[in-house]
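If you want the building blocks of each chain, they are given just below.
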Amino acid sequence: MPHLAINGGPVTRTQPYPSWPVYTEDDARAVGEVVMSGKWGSSGGGRVATFQEQFAAYQDADHGICVTNGTTALILALQVVGVEPGDEVIVPAYTFIATATAVLVVNAVPVFVDMDPETYNIDPEQVEAAITAKTRAIIPVHFAGLPADLDRLSIVAKQHCLAIVEDAAQAHGARWNEKGVGAQGAIGTFSFQGSKNLNAGEGGIMLTNDDNLAGIAQSLANCGRAEDGLGYNHYLLA
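Calculation rules
- Residues numbered from 1 in each chain as written.
- Predicted model: local features only at pLDDT ≥ 70, side-chain atom pairs only at ≥ 80, totals over all residues.
- Heavy atoms only, no water.
- Patch = residues over 30% accessible without salt bridge, like charges linked within 9 Å, V, L, I, M, F, W, Y side chains within 5 Å.
- Areas by Shrake-Rupley, 256 points an atom, 1.4 Å probe, with all protein chains shown as cover.
- Salt bridge = Lys/Arg side-chain N within 4 Å of Asp/Glu carboxyl O.
- Helix = DSSP H or I, 4+ residues; strand = E, 2+ residues; numbered from the N terminus.
- Disulfide = S-S within 2.5 Å.
- Phe/Tyr/Trp six-rings, centres within 6.5 Å; stacked < 30°, edge-to-face > 60°.
- Buried < 20%, exposed > 50% of the residue type's maximum accessible area, 1.4 Å probe, protein only.
- Lys NZ or Arg CZ within 6 Å of the ring centre and 35° of its normal.

Caption draft 1: Quick peek at a nonpolar patch on the surface. On the surface, Val-31, Val-35, Met-36 and Trp-40 cluster together to form a nonpolar patch covering roughly 500 Å² of accessible area. By the element assignment, Trp-40 lies in the loop between helix 1 (25–37) and helix 2 (47–58).

This is the structure in structure tokens:
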């Protein structure tokens, strides 16, 4: 212990840690370009559409649907996979509050299971033990960017006909079995809130490889409209 800096040992870092968020003149220029374009809504401009496509591809997903924040992404993702009032959704006991409150917002019941002490992620064995006739989905959280055991969870979900909604809010760029997280369950969600390693101050996205789920997600993110429908025709309650 005497070699520790607190006990008089050598100090390994003499410079302060960098401030957060990190930003440059390029960021300010990009924002200015959007402002001066006069196209401030995502439906009218091209920046969001381009980002959706590029981020989805980066995480190995076919579809990306941007929304206002990560919490909204979770709420809509639960609706997309068909979670209804009274259904149960299994969530980890160790996570940010939105993982559980998103379940409450759709009038479902969050069922908490403990984490694996080796990873701090949801324990697949406890997930299986918590399944009841009312269980509809599992939300594994890739906590601090470390992927949950998607292999084991996928087996459990398939055996019990459950949807996996990946909460990848902290896991931009993370991979499981050489494939991006957020694209391995039925649907995955990310956050771009100011504390995240990829942030825009606020923002969120849903990712999926299922064309049907992507269509539902796009509709829910756009007031229930259909992609090929009229502007004031609303097909889903959103």
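From this point, the narrative continues.
Caption draft 2: Local environment of the state of the cysteines. With the rule as written, the count across this model stands at 0 disulfides. Cys-66 takes part in no disulfide bond, and the closest cysteine sulfur, belonging to Cys-223, lies 16 Å away.

Caption draft 3: Broad picture of the packing of aromatic side chains. For the structure on display, the rule yields 7 aromatic pairs. Relative to Phe-55, the ring of Phe-51 has its centre 5.6 Å away and its plane inclined at 20 degrees; by these criteria the two rings are stacked. Separated by 4 residues within a single helix, Phe-51 and Phe-55 lie in helix 2, roughly one turn from each other. A relative accessible area of 30% means that Phe-51 is categorised as partly exposed. Residue classification places Phe-55 among the buried residues on the basis of a relative accessible area of 3%. Feature note: the residues Phe-51, Phe-55, Tyr-58, Phe-190 and Phe-192 constitute an aromatic cluster, connected by ring pairs. Between the NZ or CZ atom of Arg-13 and the centre of the ring of Tyr-17, over which it lies, the distance is 4.0 Å. Over the ring of Tyr-232 we find Arg-225, and its NZ or CZ is 6.0 Å from the ring centre.

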